[in-house]
Amino acid sequence: MRRVGIGVIGCGNISGAYLKAAACFPVLDIRAVGDLNPAVAEAKAAEFGLRAKPLDDLFADPSVEIVLNLTVPRAHVEVGLRALGAGKHVYSEKPL
């Protein structure tokens, strides 16, 4: 089975539920987490044993195939469009 590289952007409250659930799906490979606030991403990465990346690096990472956009409403469209512009598939917690 080929694993799918996932980048999570938005490390607030809901991200914990997604990151816990991801462990139940061996096809998902969380490659990195990022947040508009890098300190929040670092804390979430440490909590789940993941790597935090600046958003520009996450968008540029060829191993990230899908961006899971969990950002706050005011940032949701911008992050989603940046991910699409970087050639990523996007799964959105909220509608664009």
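What counts, and where the lines are drawn
- Residues numbered from 1 in each chain as written.
- Predicted model: local features only at pLDDT ≥ 70, side-chain atom pairs only at ≥ 80, totals over all residues.
- Heavy atoms only, no water.
- Core = buried A, V, L, I, M, F, W, Y, C linked by side-chain atoms within 4.5 Å.
- Buried < 20%, exposed > 50% of the residue type's maximum accessible area, 1.4 Å probe, protein only.
- Helix = DSSP H or I, 4+ residues; strand = E, 2+ residues; numbered from the N terminus.
- Contact = heavy atoms within 4.5 Å.
- Pairing = 2+ DSSP bridges.
- Axes fitted to C-alpha atoms, helices over the stretch in contact; angles between N-to-C directions.

Asker: Would you take a moment to explain the nonpolar core for this structure?
Answerer: Within soluble globular proteins, side chains that are nonpolar tend to cluster in buried spots. By size, the foremost hydrophobic cluster in this structure holds 13 residues, and its most contacted members are Ile6, Val8, Leu19, Ile30, Val33, Ala52 and Leu68. Among the secondary structure elements, those contributing two or more residues to this core are strand 1 (4-9), helix 1 (13-22), strand 2 (28-34) and helix 2 (38-48). At three residues, strand 1 tops the list of elements feeding residues into this core. Among all residues touching Val33, those that are not within four sequence positions of it are Val8, Cys11, Leu19, Ala41, Ala45, Leu50, Arg51, Ala52, Lys53 and Leu58. If you look at the next biggest cluster of nonpolar residues, it comprises nine residues, including Ile9, Leu55, Val67 and Ala83.

Asker: I tried to follow the environment of Pro73 on my own but got confused; where do I start?
Answerer: Turning to its location among the elements, Pro73 is positioned in helix 4 (residues 73-85). Measuring from C-alpha to C-alpha, the distance between Pro73 and Glu93 comes to 9.8 Å, with 20 residues separating the pair along the chain.

Asker: I would appreciate a short explanation of the sheet that holds strand 1 in the present structure.
Answerer: One key point about sheets: their strands pair by backbone hydrogen bonds, in either a parallel or an antiparallel sense. In spatial order, the strands read 2-1-3-4; together these four strands make up an open sheet with parallel pairing. A strand with exactly one partner marks an edge of an open sheet, and here the two such strands are strand 2 and strand 4 (89-92). For this sheet, the mean inter-axis angle between neighbouring strands, taken without regard to orientation, is 25°. Relative to strand 3 (residues 66-69), strand 1 runs parallel, the two sharing four bridges. The residue bridging Val8 from the neighbouring strand is Leu68, located in strand 3. Lying on the sheet, helix 1 is in contact with strand 1, strand 2, strand 3 and strand 4; it crosses strand 2 at an angle near 155°.

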